[in-house]
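Residue-level structural notes
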Amino acid sequence: MAKLINGAAIPNMPWEDKPSNCKEVIWRYSKNPIIGWNPTRQSARIFNSAVIPYGDGYAGVFRSDHKDITMHLHFGKSADGVNWDIDDEEIKWVDEDGKPFTPKFAYDPRLTKIDDTYYVMWCTSFSNQPTIGLGMTKDFKTFVRLENAFLPFNRNGVLFPRKINGNYVLLSRPSDNGHTPFGDIFISESPDMKYWGKHRLVMSAGNGAGWQSMKIGAGPIPIETDEGWLMLYHGVCNTCNGYVYSFGAALLDINEPSKVLYRTGPYLLTPETPYETAGFVPNVCFPCATLVDAPTGRIAIYYGAADTYTAIAFGTVDDIIKFTKENSAPASNDAGLGRE
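One structure accompanies this document, and this report is about it.

Quick notes on the rules
Starting from 1, residues in each chain are numbered consecutively following that chain's sequence as written. Per-residue local features of the predicted model are confined to residues with pLDDT of at least 70, and side-chain atom pairs are confined, for both listing and counting, to 80 or more; whole-chain, interface and lining totals are unaffected and use all residues. As a rule here, side-chain values cover all heavy atoms of the structure and leave hydrogens and water aside. Secondary structure is summarised from DSSP: a helix means a run of H or I of at least four residues, a strand means a run of E of at least two, and numbering begins at the N terminus for each. Within these notes, the globule rule equals 2.2 Å times the number of residues to the 0.38 power, and the radius of gyration is based on C-alpha atoms. A simple rule labels every residue: compare its accessible area, found with a 1.4 Å probe on the protein chains alone, to the largest value its type can have, and call it buried under 20%, exposed over 50%, or partly exposed in between. By definition, residues are in contact when any of their heavy atoms lie within 4.5 Å. Values of accessible area rely on a 1.4 Å probe in the Shrake-Rupley scheme; residue burial ignores everything except the protein chains shown. Counting rule for charge: Lys and Arg are taken as positive, Asp and Glu as negative, and neither His nor the chain ends is counted. Where a charge lies is defined by one atom per residue type: Lys uses NZ, Arg uses CZ, Asp uses CG and Glu uses CD. Buriedness for pockets is judged along seven lines, at least five of which must meet protein on both sides within 12 Å for an open set on the 1 Å grid over protein atoms alone, while cavities are sets there where a 1.4 Å probe fits but cannot get out, and lining residues have an atom within 4 Å of a point. Grid points are joined across faces, edges and corners, and a volume is the space filled by probe spheres set on the points. Under the scheme applied, nonpolar residues are Ala, Val, Leu, Ile, Met, Phe, Trp, Tyr, Cys and Pro; charged residues are Asp, Glu, Lys and Arg; polar residues are all the others, including Gly. Note on aromatic pairs: the rings of Phe, Tyr and Trp (six-membered ring only in Trp) are paired at centre separations within 6.5 Å, and the planes decide the class, stacked below 30 degrees, edge-to-face beyond 60, tilted for the rest. Whether two strands pair comes down to DSSP finding at least two bridges between them. Fitted lines through C-alpha atoms serve as axes, helices being fitted only where they are in contact, and the angles separating the N-to-C directions of these axes extend from 0 to 180 degrees. In what follows, salt bridge is the name for a side-chain nitrogen of Lys or Arg lying within 4 Å of a carboxyl oxygen of Asp or Glu. Pairs of N or O atoms are called polar contacts if they sit within 3.5 Å, as long as, within protein, a hydrogen donor faces a hydrogen acceptor (for residues adjacent in sequence, only side-chain-to-side-chain pairs).

Glancing now at the overall build of the chain. A count of helices and strands for the chain gives 2 helices and 22 strands. In terms of overall size, the chain behaves like a compact globule, its C-alpha atoms giving a radius of gyration of 18 Å where 340 residues would be expected to give roughly 20 Å. Burial analysis of the chain (340 residues in total) assigns 59% to the buried set. Taking all contacts inside the chain whose residues are at least 6 apart in sequence as the whole, residues at least 24 apart take part in 55%. As presented, the chain carries roughly 13,900 Å² of accessible surface, and 50% of it is formed by carbon and sulfur atoms. If you average the places of the 32 positive and of the 38 negative side-chain charges in the chain, the two averages end up 2 Å apart.

Take a look at the structure:
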């Protein structure tokens, strides 16, 4: 059994046992989607969101596309991780001096805890162009926006849950200003969460697997195990019916996470159900968060479906690692340190 190095017990996390007729590594929650159309007065759709254990329950930062088709982040809380009470008003950010600093647009957040601080990463507006925003909170009441991590254009910022070799480490996917028709996963380091450098390539799109042939991007916060960092990631292919978003997994070296040890050839999950194949943007499964119970290795994966719904899938650390190793199909440059 793989050992979770950086994990805790979450005995009340959402969970359903694997159906007897399921032959896949992960399986969908039978009550999906957990968040549907028009979940708050302002919100048309909530999806691609991040959750984390907090107190006796759970806290979340949610992507809300408002009914005027603008994108914002909202705070939500839950006792069970399934039924959510989401604020109708978007998060009002302040800068480090306490002055208002709310972004013009914000979407696809990730959320991780380092020591006593909860860090939020999202795609933010930087001179009306997308890049990675960073923020922090200690109580989910006051949200402090930090300096943007990078210049435009960039998306899919994902922070590791601890420092590695003395530095904070952030995954990202450089992009352009539109629906980027390319994209690889890179990694960057910072001593202080302000100045980012030592950029490395982690993984390239395409490795002979069509589902990730166009672009890829990091998903939830990487899970630290004794076999490496377990990273879920999304992949995109272009079909005659438009883009399709699926997701798979990779194992990264524990001390040099730019080095890929294993990477799935087949996907773990692809759009198949009506709430994944039909919606505002059809054919999308986009993972943004996981809950992991360290004693059992159970994983609840929160993912956006069809840019409309929030859904959950289940699996275990052992099964996902086993599948990733047995079905590994790395690209030619995945095993290097990414400096070339």
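Past the structure itself, the notes keep going.
Right, let's get into empty space enclosed by the protein. Taken as a whole, this structure holds 1 cavity of 30 Å³ or more when the rule is applied. Contributing to the lining of the largest cavity are Met-71, His-72, Leu-73, Glu-90, Ile-91, Trp-93, Thr-102, Pro-103, Phe-105 and Ala-106. For the lining of the largest cavity, the element with the most residues is strand β4 (residues 71-78), which contributes 3 residues. A breakdown of the residues in the lining of the largest cavity according to their chemical character gives 7 nonpolar, 2 polar and 1 charged.

Scanning the model with the defined rule gives 19 aromatic pairs in all. Pairing Phe-105 with Tyr-107 gives two aromatic rings, centres 6.1 Å apart and planes at 25 degrees, and the pair type is stacked. In this pair, the class of Phe-105 matches that of Tyr-107, namely buried. Ring geometry for Tyr-118 against Phe-140: centres 4.8 Å apart, planes inclined by 50 degrees, an arrangement best described as tilted. Highlighted residues: Tyr-118 in strand β8 (residues 117-126) and Phe-140 in the loop between β9 (129-137) and β10 (143-145), separated in sequence by 22 residues. You'll find Tyr-118 and Phe-140 in the same group, each marked buried.

A sheet is described by the order of its strands in space; here 4 strands give the open sequence β1-β22-β21-β20, paired in antiparallel fashion. This sheet does not close on itself; its edge strands, each paired only once, are β1 (27-28) and β20 (285-293). Pairing geometry for strand β21 (residues 298-305) and strand β22 (residues 309-316), over 8 bridges, is antiparallel. Counted as the bridge partner of Gly-304 is Thr-310 from β22. In this fold helix α2 (residues 317-326) packs onto β20, β21 and β22, with an angle of close to 80 degrees to the strand it touches most, β22.

This part covers unusual backbone geometry. A cis geometry characterises the amide bond from Asn-32 onward to Pro-33, with omega recorded as -10 degrees. By the element assignment, Pro-33 lies in the loop between β1 and β2 (43-54). Of note in this structure, Asn-38 is not a glycine but carries a positive phi near 50 degrees. Looking at the element boundaries, Asn-38 is found in the loop between β1 and β2. Judged by its relative accessible area of 44%, Asn-38 is partly exposed.

Enumeration according to the criterion identifies 15 salt bridges in this entry. Here Glu-90 ties to Lys-92 by a salt bridge, and the two come within 3.3 Å at their closest N and O atoms. Linking Asp-334 and Arg-263 is a salt bridge whose minimum nitrogen-to-oxygen distance equals 2.9 Å. Within this pair, whereas Asp-334 is found in the segment after α2, its partner Arg-263 is found in strand β19 (residues 260-263), the two being separated by 71 residues in sequence. As far as burial versus exposure is concerned, Asp-334 and Arg-263 are alike and both buried. Residues participating in the shared-partner salt-bridge network are Arg-45, Arg-63, Asp-65 and Asp-108.

Inspection of the secondary structure assignment puts Thr-124 in strand β8. Here the side chain of Thr-124 touches Arg-145 through a polar contact of 3.4 Å, side chain to side chain. Here Thr-124 is in contact with Pro-103, Phe-105, Gln-129, Pro-130, Thr-131, Ile-132, Gly-133, Arg-145 and Asn-148, once residues within four sequence places are set aside.

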